[in-house]
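# Architecture and fold: a report
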Amino acid sequence: MNLYFRMFWLLFWRMRRARTIDFLDVSRLEFRAWPTDCDINLHLTNARYPALMDLARTYMLSEMGLLKPFLQRKWLPVVNASEFTFIRDIKPLHKFNIDTRLLGWDDKYFYIEQRFVSQRGLHAIANVRGLFVCKGRKITTAELLQAAAFQGEAPALAADVLAWKQLLQAKKQQNQ
């Protein structure tokens, strides 16, 4: 239930005061780990990370000025794959940020990095691969870049992201 409150807070309060960032800039959204976010080990439960990441990616689109135009086009984001590395726990009531940035893209997917950071340091890193769809049709990377008015070069994907991309392709081929 508290994610609904966070979503409404994000949509009706935080986004109205969002700064403007460029397409490849880092977006930062602050959270607090409420007791309802935590498990019996008294830290942020693993299931809460992806839910909070959804909110942070939505906020990133808002800061880029793309959320409203994409929603008007009825383009909806879809996560295709994600991978997490947990480094240190986030305790109840501790504040932390989710730093979200676009790593790059290929013909079909966008690759996003999300870092959970607090005064204690780095807590987790997640990579997300996603795309946008509209009425069952995949929005091409070229269409999205045009709608975003991005005219620069695509950043080169890091070696670890390329290896992850290859792993995902191998899994897909093995399970067809």
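The structure contained in this document is the topic of the report that follows.

Definitions and cut-offs
- Residue indices follow the written sequence of each chain, beginning from 1 at its first position.
- Local features in this predicted model are restricted to residues whose pLDDT is 70 or higher, and side-chain atom pairs enter the listing and the counts only when it is 80 or higher, whereas totals over whole chains, interfaces and linings include all residues.
- Side-chain metrics in this entry use all non-hydrogen atoms of the structure; hydrogen atoms and water are not considered.
- Strands here mean DSSP runs of E at least two residues long; helices mean DSSP runs of H or I at least four residues long; both are numbered from the N terminus.
- Here the globule rule is a power law, 2.2 Å times the number of residues to the power 0.38, and the radius of gyration is based on C-alpha atoms.
- Categorising residues by exposure relies on relative accessible area from a 1.4 Å probe, with only protein chains included: less than 20% of the type maximum marks a residue as buried, more than 50% marks it as exposed, and the intermediate range marks it as partly exposed.
- Note on contacts: a residue pair qualifies if any of its non-hydrogen atoms lie within 4.5 Å across the two residues.
- Accessible surface is estimated by sampling points in the Shrake-Rupley manner with a 1.4 Å probe; for residues, cover comes only from the protein chains shown.
- Only Phe, Tyr and Trp rings take part, Trp by its six-membered ring, and two of them pair if their centres are within 6.5 Å. Stacked means planes under 30 degrees apart, edge-to-face means over 60, and tilted covers everything else.
- To sit over a ring, a charge needs its Lys NZ or Arg CZ within 6 Å of the ring centre and within 35 degrees of the ring normal.
- The definitions used throughout rest on a 1 Å grid laid over the protein atoms alone, on which a cavity is an enclosed set of points accommodating a 1.4 Å probe that cannot get out and a pocket is an open set flanked by protein within 12 Å on both sides along at least five of seven lines; lining residues are those having an atom within 4 Å of a point.
- Grid points are joined across faces, edges and corners, and a volume is the space filled by probe spheres set on the points.
- Residues are grouped as follows: nonpolar covers Ala, Val, Leu, Ile, Met, Phe, Trp, Tyr, Cys and Pro; charged covers Asp, Glu, Lys and Arg; every other residue, Gly included, is treated as polar.
- For two strands to be treated as a pair, DSSP must find no fewer than two bridges joining them.
- Distance thresholds for patches are 9 Å for like charges and 5 Å for nonpolar side chains (Val, Leu, Ile, Met, Phe, Trp, Tyr), applied to residues having over 30% relative accessible area and no salt bridge.
- Any Lys or Arg side-chain nitrogen located within 4 Å of an Asp or Glu carboxyl oxygen qualifies as a salt bridge.
- By the counting scheme adopted, Arg and Lys are positive, Glu and Asp are negative, and His together with the chain ends is not counted.
- Here a polar contact is recorded for every N or O atom pair within 3.5 Å, except that within protein the pair must consist of a potential hydrogen donor and a potential acceptor, and residues adjacent in sequence are included only if both atoms are side-chain atoms.

Here we take up the overall build of the protein chain. On a plain count of helices and strands, the protein chain comes out with five helices and six strands. Reading the protein chain from its N end, one meets helices and strands in the order α-β-α-α-β-β-β-β-β-α-α. A compact globule built from 176 residues should have a C-alpha radius of gyration of about 16 Å, and the protein chain, at 17 Å, falls within 12% of that. Counting across all 176 residues of the protein chain, residues that qualify as buried make up 41%. The contacts of the protein chain with a sequence gap of at least 6 include a subset with a gap of at least 24, amounting to 72%. Per element, the accessible surface of the protein chain, about 10,400 Å² overall, is 55% carbon and sulfur.

Quick look at the packing of aromatic side chains now. Scanning the entire structure with this criterion turns up 12 aromatic pairs. The interplanar angle of 35° and the centroid separation of 4.9 Å between the aromatic rings of Phe23 and Phe150 together place this pair among those described as tilted. You can see Phe23 sitting in the loop between helix 1 (2–14) and strand 1 (27–32) and its partner Phe150 sitting in the loop between helix 4 (141–147) and helix 5 (159–174), a full 127 residues away along the chain. Taken together through their ring pairs, the aromatic side chains of Phe31, Tyr49, Phe84, Phe86, Phe96 and Phe116 make up a single cluster. We note Arg73 situated over the ring of Trp75; from NZ or CZ to the ring centre the distance is 5.2 Å. Over the face of the ring belonging to Tyr109 we find Arg129, whose NZ or CZ atom lies 3.9 Å from the ring centre.

With that settled, the discussion passes to the layout of surface pockets. The volume enclosed by the largest pocket comes to roughly 290 Å³. Around the largest pocket, the lining is made up of 20 residues, and of these Arg57, Leu61, Pro77, Ile112 and Phe132 lie nearest the centre. Of all the secondary-structure elements, those providing two or more residues to the lining of the largest pocket are helix 2 (48–63), strand 2 (76–86), strand 4 (110–118) and strand 5 (121–134). Partitioning the lining of the largest pocket into residue classes produces 16 nonpolar, two polar and two charged.

This brings us to the pairing of strand 3 (residues 95–105). Of all the 11 residues making up strand 3, nine are buried; the element is thus mostly covered by neighbouring parts of the structure. As paired elements, strand 1 and strand 3 share six bridges and run antiparallel to each other. By the bridge assignment, Arg32 is partnered in strand 3 with Lys95. Sheet topology note: the strand 3/strand 4 ladder contains eight bridges and is antiparallel. In the sheet register, Asp99 faces strand 4, and the bridge partner there is Arg115.

Attention shifts here to a nonpolar patch on the surface. A cluster of nonpolar residues, Tyr4, Met7, Phe8 and Leu11, forms a patch on the protein surface that exposes about 370 Å² of accessible area. Here Tyr4 lies in helix 1.

Note that Ile112 resides in strand 4. C-alpha of Ile112 to C-alpha of Met53: the two residues are 59 residues apart in sequence and 10 Å apart in space. In contact with Ile112, other than residues within four places in its own chain, are Arg57, Met60, Thr100, Arg101, Leu102, Leu103, Ala126, Asn127 and Val128.

Next up on the list: the pattern of salt bridges. This model, assessed by the stated rule, comprises 11 salt bridges. With its nearest N and O atoms 2.3 Å apart, the salt bridge here joins Arg57 to Asp54. Within this pair, Arg57 and its partner Asp54 are both found in helix 2, separated by three residues, close to a single helical turn. The partly exposed category is assigned to Asp54, whose relative accessible area is 40%.

Further remarks concern the side chain of Arg129. Relative to the elements of secondary structure, Arg129 occurs in strand 5. Here Arg129 is buried and forms no salt bridge, its nearest opposite-charge partner Asp106 lying at an N-O distance of 5.5 Å. A distance of 2.6 Å separates the side chain of Arg129 from the side chain of Asn80, its partner in a polar contact. When residues no more than four places from it in sequence are discounted, the contact partners of Arg129 are Val78, Val79, Asn80, Ala81, Tyr109, Phe110, Tyr111, Trp164, Lys165 and Leu168.

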